[in-house]
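Topology and contacts: notes
Read off the chains here:
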Amino acid sequence: MSGLKAPSLQSLLESERGSTDSLLAESLQLDFEDLDDAEFAIPPTDVLPTLESVLSEFEADSDVASELGMPVHHATPTPSIGDDATIRTDGRGGGGSIMRYTLLHGISAQLASAAERVNAGAASSCAVAAFIAVGTSHGHILNFDVTQTLRWAHQDKHGQGAVASMAFNADSTRLLAGFSRGLVTMLDTHTGDVLRELFDVITPNTGVLHVKWTSRSSLALCADAGGSVWSLSFTRKLGIRGCSSRCLFSGARGEVCAVEPLIMDANGRHELDQYCIVALATLSKYFIVTVRPRLRVIKYHALQGPPDCLPLLAWHLVLIQAADTTRSVDPVIVVGRGNQLFFHQLFVSNGRITLLYLRHVQLQGNLLSGHWLGPKCVASLDTSEVLHLVDVRSSKELECMDMANAGLVYGSAQFKGLATGGNVSPAFALAGSNACYNSVVSRGTQLYVLGARSLHIIGVRTWSERISYLVKHHRWQEACQLALDGYLASVDRPRKRSQAKERIITLFQEYIANSARAPDYCLGSIVNCLITVGELDLLWSQLWEKLHHSSSELFLQHISEHIERETIRSVNPLISQALVDYWLEHSPAKLEQIILKLDWMCLDLNQVLKAVKKHRLYRAQIYLNTQALKDYTAALTELLPLVTPEETDLGNCLLVYVSSCLAGRGYPSGEIPVEQVHQVKHDVLRCLTSQQSKETAGGDELPYPYLRALLKFDTRETLNVISLAFQEKEFSNELGLSHRKRIINLLLEIMTPENATWAEIGCLLNFIAQQISMQCLPRDKQLLERVLSHLAQEEIANESSRQHSERENAWHELLSSNCLAEISSDEEQLLLAEKARCYCVVEYLLEKLERYDTILDCYIRNEARHETMFAYMERFVDNPERCIYEQLKLHLRQLLAINDKETTRLLALHYPQKISELLDSLKTEESLLYVFLKCLNERRAKLEASQLELLLELHCKLETQDVVMEFLCCNIRLLMDNLDQAIAIVESHHLDRAVIYLYEMQESYTKAFELSMDLLKAATGEEAVEEARVLPALLARSVHVLPAAELERCWFVLLQYVLPKQEFQSISKSLLHEASHHIDLHNLVQLIMNTHNVSSSFGDIKDLLMGMLDSSRQQTEALRGSADIQCQGLHLEFRKHHQQARRGLWVTTTKCSVCRQRLYEQSQVLILGGCGHGLHEECLEDAETTLEECPRCFTAMQEQTLALPRPNKSLISISKSLEMGALQLKAPPRRFC
């Protein structure tokens, strides 16, 4: 093994060309002729694998070099980005299954070797295409192929510094490299030969930041540290290679930080292929330009962000679905800065290139780089070196990975211009402090991160790879969910759906092979997958055989859940038997639900029928009898005898079943086969109307037991079922009419007073009345008389409001259909309805007889119709035949008791002139009169003075003092004209607080104070303190009314009473402070000194004086501040007017815009504004309108017009220029706007 020594890197660098053979092949000295292609799986030479296909096979925890067949020292472990547990996920998108990390050991080892052996320096930039090129800080370029074999190495001989940027052309035959001191070199990627060395193609004394190939094979772009962008056009004439450079964007107009050409891979099928499009970004904006066929700016946008963050640009072709469901594949550019990402679509519309905004994504941290990883995801690296994978469609973060251990290379030296003397702007240098444009690159779905001596790949796993990864790490639930999501997403693509189904089946086989120890782990997800893809045979065979000995219960529970969700309708017979046994033991009710959801053909009928009868699962029994046995009467004959009022579930179940059968529907769902509908209806009806049951052949059984049992259980619902059956077509012909008659006779025979209550009989008679009114039954006089006798009963024991309403409705329907005309007249019906208190019927008959004067009485007596009563009056208030006002007046008391507000509204709105008359009618009933007046007052109806005083009187009688105070506060304006009378009314009821309020409104503050003092003297304890707090506020409000002497007297009276008393000690200081504003200080101090029983009198005086001084100081400061603010405002206003007065004007005409006469007439001139038009002041005054726009050009006026003094005619030279309409001015004119 000692002889296996690779040639040194130095020997390669000193040779004339780079090595074309693999260093690995030379070191191993293998005889390639002895290798067998089939045995070693060597691909044919004409079908070489691509870099993506090779790197996509790498696993995060695999030794990449050993997979490639390269020897590595086992003593050195494989470096991992997660050695210190720094791989982090946020719990979404598969929990770390999306991104795959790989360290390229071969390239990393060569970089470390070059740095140590030939002093190549640390890695500085990289480029990826069919090859991987890595540049170093000492000007070396290393080119690797897809097997990480070093193909050649190049070293700059001109001392141009670090390799700042590199780029491969479209077919990976040329490599363009830019150096930090301005050199641009073109190399042959296969041989490493130098094809061009360009020293003067960018701004002198600047370094290269970016080199990019465009969509044209002979055109490249180069950006320098001065912020300029240059186009490099490569030529070859007569075998001589040349290059011409042209400045596309000068750094003097804004320093370009990022350059990203659009490389189309549509094979000439896209409309944008004919253009050469480039995206540029500065620190303040980004813009899209076309370089070919001509230089033109398509669109530009402002770009905001932190000063230490660079802009980011990235293109990708994306399938976009428009709002009209049309699809197109167009390039989408992502623009980022700070923590913002913006997405724009570029397309051709009506022959023009258009940039359309799509969406905006905001991330947590500021960004270092942003790259597309496929058409759906964007990878963004933030300043904490955490890589975030963002889904473009949902704008959600799928996964994140900490890249801190990668040793990311930053290109800040190029942005600071260290190699050229630092001749860059401070803003440019600050923004580029974290630049990594050329150390983080992407290709396809892989991101390449360059470290100082290593190269890392972050790839996005495909759907199948993610499933394999999750299976490998035994995350079965996530794998199943991901597989199922892929299957459901491919609903419109049969080929992908088939592939997804095969992958799910493979996943199931892997689960079977790996779940020997824990077969029940993640069982629900596996079952869900197989059911979704329709592979039920695998469920019943392989999975059941593996689980039925150990985890059968869990399996059956999962199957039951899917049965309940109706995702499966049939199961294997063996499993159905196990299901029945399991749920019979644990929950028979759950078994019934499962049976109803299952296809009966998969059940063991003998087992199931015995179970449902034993455990009284009635719905399941009916389902099996009808679906499996095709017997629709067995359920009735077996279960109806068991119906009792206590068996509500069974009774309701049978009612629903009978209703479904008579309507031709299946139970509990579905439809009866069309050919069986008629027979089923006939059999069920015949069973219900059979005279005897099957179990008894005589005996004491009452006739018609089945129908009798249903009627006894719930008469109303049974009759509803029969009513629905009568609407079917089988009952619409003559034979159906005879069936209806027979059923009605049976019902009358069953529902006799001996066997039913009056409520049940009433339900039947109401039912018959409805059927007759709907003409479902003939008008039999005897039957109608029997029905009417029931409807017209005056008293029915225990009749509920619902039953009474049903009786009224039935009677009303009979009258509406004119079925009772042969039995009795309308007058007789009216009398019967009044006695039976069926007021809806009474109203109908009164309407029919046109007796409108008593209809309102029907509404009043019927409590259920009180709400509709006012709508009736509103509708007919203008109809004199209805006599609405007469009825209102007659029933005013009842109406006020029912709804006083609605009654008052109706009267105030339609009969305002009748208010006084109605008030007079209520004089004897104070409560109703008060309610009526109160509602009128609340509606702001105009009341007379006497009526308002009457309302005040009633308030004082019937309400508390607080309510009276509220009334006075709301109506004080109405009472101001006669306050003396109001005071007298309130005084008569001894409402002192209300009297004080009225005195204050009358400005009789002395009386108010004296009455308040009386209340204070009469109060004790806390009540007295509260009264004492009210008095200072009263005196404060009286300052502008009472004379100073009277005000001081009142304060002395209050203080002389309060200060000596111990209970007022808590408020004495505040009273003294308030009194100091209104009483002379000498008198106040003397009062305090002369008052007995005042403790700490000197301290009180001191506090009083200090409070007065503080108050005076605060007022002085407030006045000074107000004066300063006012002076400042006046100064600013004066300055504004002064500037306007000194501002030059652009006068664009010499004629008035109104009268069209010369402006130099003896009149003041008004200049309108920015348009420069003028007019005479007299013309504006004659127009008598507000000047909002110029009368000549209709320009809106932004400011006030400016007035010029009357111009002297001698100052204006009548010359040719004047004839042309221009004023001669000494200074150049300026617009003001």
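Residues numbered from 1 in each chain as written. Predicted model: local features only at pLDDT ≥ 70, side-chain atom pairs only at ≥ 80, totals over all residues. Heavy atoms only, no water.

You'll find the protein chain entered in an unreviewed UniProt entry as Vacuolar protein sorting-associated protein 8 homolog, with Drosophila kikkawai given as the organism. Taken directly from UniProt, the Sequence similarities (unreviewed entry) text for the protein chain runs: "Belongs to the VPS8 family." (UniProt positions renumbered as here; feature names shortened; annotations may be inferred.)

Attention shifts here to the packing of helix H20 (residues 648–663) against helix H23 (residues 715–726). It is at 9 Å that the axes of H20 and H23 come closest, and there the two elements cross at 10°. Our classification of the angle between H20 and H23 gives roughly parallel. Packed against H20, whose contacting residues are Leu 655, Val 658, Ser 659 and Leu 662, the element H23 presents Glu 717, Thr 718, Val 721, Leu 724 and Ala 725 at the interface. Each residue belonging to the contact of H20 with H23 can be placed in one class, and the counts come to six nonpolar, two polar and one charged. (Axes fitted to C-alpha atoms, helices over the stretch in contact; angles between N-to-C directions. Helix = DSSP H or I, 4+ residues; strand = E, 2+ residues; numbered from the N terminus. Parallel < 35°, antiparallel > 145°, perpendicular 65-115°, else oblique. Contact = heavy atoms within 4.5 Å. Nonpolar A, V, L, I, M, F, W, Y, C, P; charged D, E, K, R; others polar.)

Time to look at the sheet that holds strand S16 (residues 285–292). Ordered in space as S14-S15-S16-S17, the four strands form an open sheet in which the pairing is antiparallel. What marks the edges here is a single partner per strand, and that holds for strand S14 (256–261) and strand S17 (296–302). Ignoring which end each strand starts from, the neighbouring axes of this sheet average 20° apart. Looking at chain direction, S14 and strand S15 (residues 276–282) are connected through five bridges and run antiparallel. Bridging across to S15, Ala 258 finds its partner in Ala 281. (Pairing = 2+ DSSP bridges.)

A large share of strand S5 (residues 150–155) lies buried, amounting to five of its six residues. Across five bridges, strand S4 (residues 140–144) lies against S5 in antiparallel orientation. The residue of S5 that forms the bridge with His 140 is Gln 155. If you look at the hairpin formed by S4 and S5, you'll find five residues sitting between the two strands, and Gln 148 has a positive phi there, around 65°. (Buried < 20%, exposed > 50% of the residue type's maximum accessible area, 1.4 Å probe, protein only.)

So, on to the sheet that holds strand S1 (residues 99–103). Pairing between the strands of a sheet is mediated by backbone hydrogen bonds and can be parallel or antiparallel. As summarised here, the arrangement of the four strands in space is S1-S28-S27-S26, forming an open sheet in which the pairing is antiparallel. Edge positions in the sheet fall to S1 and strand S26 (440–443), since each has one partner strand and no second. Neighbour-to-neighbour, the strand axes of the sheet open up by a mean angle of 20°, direction not taken into account. Where S26 meets strand S27 (residues 446–450), four bridges bridge the pair, whose relative direction is antiparallel. Looking at S27, one finds that Val 440 is bridged to Val 449.

Once that is clear, we can look at helix H16 (residues 588–597). Because each turn of an α-helix spans 3.6 residues, side chains separated by three or four positions in sequence point in the same direction. Of all the positions in H16, only Leu 591, Glu 592, Ile 594, Ile 595 and Leu 596 are classed as buried. In this fold, the buried residues of H16 make contact with helix H14 (552–564), helix H15 (573–586), helix H17 (605–614) and helix H18 (618–627).

Membership of the largest hydrophobic core comes to 163 residues, with the highest contact counts inside it found for Leu 747, Ile 768, Trp 811, Met 873, Leu 1016 and Leu 1054. Counting contributing residues per domain, this core is built from domain 3 (616–694 + 702–750) and domain 4 (1003–1094), each supplying no fewer than three. Setting aside residues up to four positions removed in sequence, Ile 768 forms contacts with Ile 744, Leu 748, Leu 777, Leu 783 and Val 787. (Core = buried A, V, L, I, M, F, W, Y, C linked by side-chain atoms within 4.5 Å. Domains from an automatic or database assignment.)

Of the residues making up helix H44 (residues 1065–1075), those classed as buried are Ile 1067, Ser 1068, Leu 1071, Leu 1072 and Ala 1075. Buried residues of H44 fall within an arc of 150° about the axis and therefore sit on the same side. (Arc of directions from axis to C-beta.)

For the structure shown, the criterion picks out 15 aromatic pairs. Ring centres of Trp 544 and Phe 555 lie 5.3 Å apart, and the angle between their planes is 45°; on these two criteria the pair is classed as tilted. Within this pair, whereas Trp 544 is found in helix H13 (residues 536–547), its partner Phe 555 is found in helix H14, the two being separated by 11 residues in sequence. Neither Trp 544 nor Phe 555 differs from the other in exposure class; each is buried. Grouping aromatic residues by their ring pairs yields a cluster made of Phe 415, Phe 428 and Tyr 437. Of note, Arg 497 hangs over the ring of Tyr 487, and the distance from its end group to the ring centre comes to 4.0 Å. A cation over a ring is seen here: Arg 882 above Phe 876, with NZ or CZ 4.0 Å from the ring centre. (Phe/Tyr/Trp six-rings, centres within 6.5 Å; stacked < 30°, edge-to-face > 60°. Lys NZ or Arg CZ within 6 Å of the ring centre and 35° of its normal.)

Turning to its location among the elements, Arg 337 is positioned in strand S19 (residues 327–337). Asp 308 provides the closest opposite charge to the buried, salt-bridge-free Arg 337, at an N-O distance of 7.0 Å. Engagement of the side chain of Arg 337 in a polar contact is seen with the backbone oxygen of Leu 283, the distance being 2.3 Å. Within polar-contact distance, the side chain of Arg 337 engages the backbone oxygen of Cys 309 at 2.9 Å. Other than its neighbours up to four places away in sequence, Arg 337 contacts Leu 283, Ser 284, Leu 303, Gln 304, Gly 305, Pro 306, Pro 307, Cys 309, Leu 310 and Pro 311. (Lys, Arg positive; Asp, Glu negative; His and termini not counted. Salt bridge = Lys/Arg side-chain N within 4 Å of Asp/Glu carboxyl O. Polar contact = N/O pair within 3.5 Å; in protein donor to acceptor, adjacent residues only side chain to side chain.)

Turning our attention to the pattern of salt bridges. One pass over the structure, following the stated rule, counts 34 salt bridges. Glu 116 serves as the salt-bridge partner of Arg 453, at 3.8 Å between the closest nitrogen and oxygen. Of the two residues, Arg 453 sits in the loop between S27 and strand S28 (455–460) while Glu 116 sits in helix H6 (residues 105–117), which places them 337 residues apart along the sequence. With relative accessibility at 59%, the residue Glu 116 sits in the exposed group. The partner of Arg 993 in a salt bridge is Glu 1027, with the nearest N and O atoms 2.5 Å apart. With Arg 993 in helix H40 (residues 992–1001) and Glu 1027 in helix H42 (residues 1021–1037), this residue pair connects regions lying 34 residues apart in the sequence. A residue is classified by how much of its surface remains accessible, and Arg 993, at 23% relative accessible area, is partly exposed.

Of the pockets and cavities examined, the largest pocket occupies roughly 1900 Å³. Residue assignment for the lining of the largest pocket shows that the elements contributing at least two residues are strand S18 (312–321), S19, strand S21 (352–362), helix H9 (463–472), helix H10 (476–489) and helix H11 (494–514). Residues belonging to the lining of the largest pocket are distributed by class as follows: 18 nonpolar, 11 polar and 14 charged. (1 Å grid on protein atoms, 1.4 Å probe; cavity = no way out; pocket = protein on both sides within 12 Å on 5 of 7 lines; lining within 4 Å. Points joined across faces, edges and corners; volume = space filled by probe spheres on them.)

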